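Below, each chain spelled out in residue letters.
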Amino acid sequence: MKLLSLHVQDFRNLAAVELAPSPRATVLLGENGQGKTNLLEAIYFLTTLKPLRAVRLAELVRFGADRAGVAGDFEGPGGVRRVAVQVAAGGRTASLDGKALGSGARLDDYFEGLASVCFSPDDLLLVKAGPDGRRRFLDRAAFNRWPAVLGEAREYVRALRARNAALRGGAPEVEASFREPLVRAGARLLVRRRDLVAELAPRLRAAFAEISGPSAPEAHLAYRAAGGVEVDHPEAEVAARLARALEARLERDREKGFTSAGPHMDDLVLALGGKGARLYGSQGQQRALVLALKIAEIENLRAALGRPPLLLLDDVSSELDPAKNRFLLGYLAALPAQAFLTTTDRRLIEPAAGPDTAFYEVRSGVVSPLVS
Ligand SMILES: Nc1ncnc2c1ncn2[C@@H]1O[C@H](COP(=O)(O)OP(=O)(O)OP(=O)(O)O)[C@@H](O)[C@H]1O
Ligand SMILES: [Mg+2]
């Protein structure tokens, strides 16, 4: 799936952008605060319907405007399709070939062949920071792999909110009636994440070895479910185990007013040579591990979709040491992927540029082609 053209309106500081991306690398050059990340965010939003940074959708609408819109023409095996998304009054509407999702167009058709992986300096904290970021990584990666996860994760969050409210105020039978849907949605998500981790683990090991050389320790990835729930079982059995964990914690959870087991409490374990990378890895090793994790996701999608996902690289070269930067740019140059790269310094990404690289300048929210 190739993005042939991109149209952005009143998204963040981008009033009106028309862009014809390169089939390979498109470089967005500009000083700080000009709108480079905003443009990546627009593309990410279009291809995943999830905001990249925004906490509330309203943040995406340009100050003073009442709606934001992003649209793109994607070329795939079945021809060219127009996908579009709008934010207005804090809500989001998406359409495929002019037909609104939900009425006329199906979510699966919208995401057919769309997948994008973003790599930004914040990701470099993935190993070091708390479990939130790792769960977010997992869910975004799972959703790229299986678009149905978008709805499944929402269903889980809804069930969790309902049960937490019942824990705080409801009678025992009210709580019990909310536990069953929570267990069902939770087990679904656990199985998705478990399957994804199983796919990513060997790819992570290989990518880390390639980045760090033969003498480096072996990288290991595993899923750790809270409450000791074992996930290496068929889905129904995972559900039964999650139900037992919730039952065992019922008194405590009622006191705290909060569900203390389930996918929202889980973590991803990253280790080097058998030791937790978060506690024992060096700064450089932790960053190499994050880079390896991103490459594992890209390679996994590439294998599953038959082509690499759309890549969005936000100012990554400025944050990586020269050796890792060389590795990443070499990897990208060899990958037949469509990519967008932002930078304040053109020299940093020069090694990834080829004859078909397109250069654009971003200044005060205006995007214009640069003749190289
Ligand atoms: N909803 C909005 N409406 C208008 N402007 C916005 C909105 N949200 C953010 N901005 C502006 O966008 C600008 C930041 O854009 P962006 O993060 O894309 O910069 P950048 O080019 O990536 O810079 P850097 O190189 O520092 O990362 C800020 O000046 C901010 O005020
Ligand atoms: Mg930026």
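Every chain is numbered independently, its residues counted from 1 as its sequence is written. Just so you know, chain letters begin at A and ligand numbers begin at 1, following the order they were written in. Given that this is a predicted model, residues contribute local features only at a pLDDT of at least 70 and side-chain atom pairs are listed and counted only at 80 or more, while totals for whole chains, interfaces and linings are drawn from all residues. Note: side-chain values were computed over all heavy atoms of the structure, leaving out hydrogens and water.

Considering the environment of Glu 59
Okay, so step 1: Comment: elements are numbered from the N terminus, with helices defined as DSSP H or I runs of at least four residues and strands as E runs of at least two. Note on placement: Glu 59 falls in the loop between helix H1 (36-48) and strand E4 (67-76).
Okay, so step 2: Only protein chains enter the area calculation, which uses a 1.4 Å probe; residues under 20% of their type maximum are buried, those over 50% are exposed, and those in between are partly exposed. For Glu 59, a relative accessible area of 27% puts it in the partly exposed group.
Okay, so step 3: Spatially, the C-alpha atoms of Glu 59 and Thr 93 are 16 Å apart, while their sequence positions differ by 34 residues.
Okay, so step 4: N or O atoms within 3.5 Å of each other form a polar contact, as long as, within protein, one can give a hydrogen and the other can take it, and as long as residues adjacent in sequence are counted only when both atoms are side-chain atoms. Within polar-contact distance, the side chain of Glu 59 engages the backbone nitrogen of Arg 56 at 3.0 Å.

Let's talk about the sheet that holds strand E15 (residues 366-369)
Okay, so step 1: Should DSSP find at least two bridges between two strands, the strands are regarded as paired. If you walk across this open sheet you meet the 6 strands as E8-E12-E13-E3-E14-E15, and the pairing is mixed. Lying at the two open borders of the sheet, with one neighbouring strand each, are strand E8 (116-119) and E15. Within this sheet the neighbouring strands show an average axis-to-axis angle of 20°, counted without direction.
Okay, so step 2: As paired strands, strand E12 (residues 310-314) and strand E13 (residues 339-343) are joined by 4 bridges and run parallel to one another. Directly across from Leu 313, in E13, lies its bridge partner Leu 341. To get an axis, fit a line to the C-alpha atoms, keeping to the stretch in contact for a helix; angles then go from 0 to 180 degrees between the N-to-C directions.

Notes on unusual backbone geometry
Okay, so step 1: If you check the backbone angles, Asp 10 has positive phi at about 50° while not being a glycine.
Okay, so step 2: Within the secondary structure, Asp 10 is located in strand E1 (residues 2-11).
Okay, so step 3: Classification of Asp 10 by relative accessible area gives buried; the value is 16%.

Examining the packing of helix H5 (residues 172-212) against helix H6 (residues 235-248)
Okay, so step 1: Relative to each other, H5 and H6 sit at 125°, their axes nearing to 8 Å. Accordingly, the angle class assigned to the pair H5 and H6 is oblique. As H5 packs across H6, the resulting crossing turns out to be right-handed. The segment H5 lies against H6, with Arg 179, Leu 182, Val 183, Gly 186, Ala 187, Arg 188, Leu 190, Val 191 and Arg 194 engaging Glu 235, Val 238, Ala 239, Leu 242, Ala 243, Leu 246 and Glu 247.
Okay, so step 2: By residue class, the composition of the contact of H5 with H6 is 10 nonpolar, 1 polar and 5 charged. Should an angle fall under 35 degrees it is called roughly parallel, over 145 degrees roughly antiparallel, and 65 to 115 degrees roughly perpendicular, with every other angle called oblique. The handedness criterion is simple: a crossing whose near helix is rotated anticlockwise from the far helix by less than a right angle is left-handed, and one whose near helix is rotated clockwise is right-handed. The criterion used for residue contact is that any of the two residues' heavy atoms lie within 4.5 Å. Only Asp, Glu, Lys and Arg are considered charged in this grouping, and only Ala, Val, Leu, Ile, Met, Phe, Trp, Tyr, Cys and Pro are considered nonpolar; every other residue, Gly among them, is considered polar.

Brief notes about helix H4 (residues 149-169)
Okay, so step 1: A helix is expected to span 1.5 Å for every residue after the first. Compared with an ideal rise of 1.5 Å per residue, which puts 21 residues at 30 Å, H4 spans 30 Å between its outermost C-alpha atoms and is within 8% of the ideal.
Okay, so step 2: What H4 keeps buried is the set Val 149, Leu 150, Glu 152, Ala 153, Tyr 156, Ala 159, Leu 160, Arg 163, Asn 164, Ala 166 and Leu 167.

Considerations on the site of ligand 1
Okay, so step 1: Residue proximity to a molecule or strand is established when one non-hydrogen atom of the residue lies within 4 Å of it. Around ligand 1 sit 16 residues, and of these Gly 33, Lys 36, Thr 37, Asn 38 and Val 61 come closest.
Okay, so step 2: Gln 34 is positioned with one of its backbone polar atoms (N or O) 3.1 Å from an oxygen atom of ligand 1.
Okay, so step 3: Contacts to ligand 1 include Thr 37, whose side-chain N or O atom sits 2.7 Å from an oxygen atom.
Okay, so step 4: Of the residues assigned to the shell around ligand 1, the class counts are 2 nonpolar, 8 polar and 6 charged.

Describing the domain arrangement of the protein chain
Okay, so step 1: Along its sequence, the protein chain is organised into domain 1 (1-115 + 309-372) and domain 2 (129-301).
Okay, so step 2: On a C-alpha basis, the centres of domain 1 and domain 2 stand 28 Å from each other.
Okay, so step 3: Facing 17 residues of domain 1, the contacting portion of domain 2 comprises 16 residues.
Okay, so step 4: Together domain 1 and domain 2 conceal approximately 1700 Å² of surface at their shared face, both sides included; 68% is due to carbon and sulfur atoms.
Okay, so step 5: Joining two parts hides part of their accessible area as seen by a 1.4 Å probe, and the buried area is that hidden amount summed over both. Contact with domain 2 buries surface across domain 1, with Lys 324, Phe 327 and Tyr 331 losing the most and accounting together for 32% of the total.
Okay, so step 6: Basic side-chain nitrogens of Lys or Arg form a salt bridge, by our definition, when they fall within 4 Å of a carboxyl oxygen of Asp or Glu. For the pair domain 1 and domain 2, the interface holds 0 salt bridges.
Okay, so step 7: For the pair domain 1 and domain 2, the number of links is 4 residue pairs in polar contact (both at pLDDT 80 or more).
Okay, so step 8: Elements that contribute at least two residues to the side of domain 1 that touches domain 2 include exactly H1, helix H2 (107-111) and helix H10 (322-334). What fixes the domain bounds is an automatic or database domain assignment.

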